[in-house]
Each structure stands twice: as structure tokens, then as C-alpha cells.
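An overview of the molecular structure
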Amino acid sequence: MRFWRQATEKKGFASIEDWYLGETGQLLFNELEERISPILSTTFGYYSLQIGCPQLAGRLQQSCRVKHQFTLDEIESVAKVHANPSMLPIASDSVDLIILMHHLSNTAEPHAVLREAFRVLIPEGKLIIIDFNPVSLWGLRHFLQSWLEQVPFTGHFYTARRIDDWMRLLGFDQDHFFRAGYLPPIQKPSVTRHMGWLEKGTRNWLPLLGAVNLLFY
């Protein structure tokens, strides 16, 4: 069963969600799903909240065992809740799982967003952060071309070490850390498909250069 429409690869994308609907984005998302599903399948509770990429939440969380799943965005979208993630209209100690998907890199208030996540999570709650890795070929292209403001190479890419430092100051302990996505940062699938040798070589010999960081707390 196919979970989403096919999107035509194009020069510009309206959002990171739009990009994930394209062929290159789907290849990366498949790997994200493989990494996150085993952990979500053992995550239980009453409420989960995904901040960022609300259209992708249904597939990303299909293995999640949390009973009520919500999505949040600042603008009018398919998200169930419209609010500022740095000022969540949610009671403290009430959420079992929060997923930040490509939100920290696209907010001017990353520290405030993390503080709010800490506030609303129950003491045993889980936080998952998904964002691009600046120490990668994707990060290099972001460094060289971010001024063009072309999705997905927009926003500020933070290193996993920096994010973990912030999290430790808030009192979070890291449970798992993965990197995913070893395709070259090329938006032409016809070219990408012929560069499997580069993907395989990077995955085997330079695993630190994965396109995306997945941090679990």
C-alpha cells in the first residue's frame, strides 16, 4: 500500500514536507522510518505530539503505541493544533512523547522550544529530535548554498553534540543516537540512482556523514 502521492522532483519546494513527498525525500524517509519504528513500537502512553512536518506524522508514527497522537504547527496547515512551539498551550507533565522533526533548524527560538518540551513531558516521557547533520555532504551543500533559501538546504543545521549539550542542561539523558541517509545531496533521482557506490562507500567507511541526525531522549 502506498501511503502518499508521488511528487514531481523540481527545482524548488514549498516546504520540507513537500520535499519529502518527492522521490529523493522518500528514499531518506524510508530509512528514517526503519530507524524510528522499533523504538516507537515500544513507546506507550496517552498523548504524543509531533512538532514540524505534520503531514508526515501518520506514516512516521504508524508503529507508535501512544493512544492519542497530535501534530502542531505555527501556521494554518493539516496540523491538529496551531500554536507557537515556544509557548505550548499544553499542561505541564502531560505528554508522553514529543517528536521535533526539522523544527529546531527552522526556528529562531530553539532553546525556548526545548524548554517547553521539557515542561510538558511527563517525567518518563520521550523526546525524539530529527534534523539535518551539518557534518555531512548535505551540511556542506547547506553551507555553500543556504543563501539561496532552497528547501531542504534552509535554516540552521545544528551538530548533534551542540543539541546534546542543550539537552543535558535541561536534564535530559540521551538513550539512542543514529545517523541516516547516505545519498548524495542531489535533487535529481535519475542521477542519484546511479551513485549507489557513493552511498554504500559513505555508509560503510564514513558513517559520521549521515545526512540526518536522530537523537532519542
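Quick caveat, the model's predicted, so the values are computed rather than measured. (Residues numbered from 1 in each chain as written. Predicted model: local features only at pLDDT ≥ 70, side-chain atom pairs only at ≥ 80, totals over all residues. Heavy atoms only, no water.)

1. Digging into the overall build of the protein
- Secondary structure assignment for the protein yields 8 helices and 7 strands.
- Within the protein, buried positions represent 51% of all 217 residues. (Helix = DSSP H or I, 4+ residues; strand = E, 2+ residues; numbered from the N terminus. Buried < 20%, exposed > 50% of the residue type's maximum accessible area, 1.4 Å probe, protein only.)

2. Brief notes about the nonpolar core
- Of all hydrophobic cores here, the largest spans 30 residues; its most connected members are Trp19, Tyr20, Met101 and Ile130.
- Ranked by the residues each element gives to this core, the list is headed by helix 2 (residues 23-40), at 6 residues.
- When sequence neighbours within four positions are dropped, the list of residues in contact with Met101 reads Tyr20, Phe29, Leu32, Gln50, Ile51, Gly52, Cys53, Leu56, Leu60 and Ile130. (Core = buried A, V, L, I, M, F, W, Y, C linked by side-chain atoms within 4.5 Å. Contact = heavy atoms within 4.5 Å.)

3. A short note on helix 6 (residues 160-170)
- Listed in full, the buried residues belonging to helix 6 are Ala160, Ile163, Asp164, Trp166 and Met167. Taken around the axis of helix 6, the buried residues stretch over an arc of 160°, which confines them to a single face. Counted as exposed and oriented over 90 degrees from the buried face of helix 6: Arg161 and Leu169.
- Buried residues belonging to helix 6 abut helix 4 (110-120), strand 5 (121-132), strand 6 (176-180) and strand 7 (212-216).
- Following helix 6 by one or two positions, Gly171 adopts a phi angle in the positive range, close to 105°. (Arc of directions from axis to C-beta.)

4. With respect to the sheet that holds strand 7
- Read from one edge to the other, the open sheet built from 7 strands follows the order 3-2-1-4-5-7-6, with strand pairing classed as mixed. On the outer flanks of this sheet lie strand 3 (81-82) and strand 6, each paired with one strand and no other.
- For strand 1 (residues 44-51) and strand 2 (residues 65-73), the ladder comprises 7 bridges, and the chain directions are parallel. Residue pairing in the sheet places Ile51 in a bridge with Leu72 of strand 2.
- Packing against the sheet, helix 4 makes contact with strand 4 (95-101) and strand 5, and its axis sits at approximately 150° to strand 5. (Pairing = 2+ DSSP bridges. Axes fitted to C-alpha atoms, helices over the stretch in contact; angles between N-to-C directions.)

5. Examining the pattern of salt bridges
- Evaluation of the coordinates by the stated rule reveals 3 salt bridges.
- In this structure, Arg59 engages Glu33 in a salt bridge whose closest nitrogen and oxygen atoms are separated by 2.9 Å. Of the two residues, Arg59 is situated in helix 3 (residues 57-60) and Glu33 in helix 2; the sequence distance between them amounts to 26 residues. Just as Arg59 is buried, Glu33 falls in that class too.
- Arg168 serves as the salt-bridge partner of Asp164, at 2.8 Å between the closest nitrogen and oxygen. Here Asp164 pairs with Arg168, and both are found in helix 6, just 4 residues apart, close to one helical turn.
- Its relative accessible area of 11% is what places Asp164 among the buried residues.
- For Arg168, a relative accessible area of 49% puts it in the partly exposed group. (Salt bridge = Lys/Arg side-chain N within 4 Å of Asp/Glu carboxyl O.)

6. Focus on the packing of aromatic side chains
- As enumerated under the stated definition, the model contains 12 aromatic pairs in all.
- By the ring-pair criterion, three or more aromatic residues cluster together here, those being Trp19, Tyr20, Phe29, Phe132, Trp138, Phe153 and Phe157.
- Geometry around Phe70 places Lys80 over its ring, the cationic atom sitting 5.6 Å from the centre. (Phe/Tyr/Trp six-rings, centres within 6.5 Å; stacked < 30°, edge-to-face > 60°. Lys NZ or Arg CZ within 6 Å of the ring centre and 35° of its normal.)

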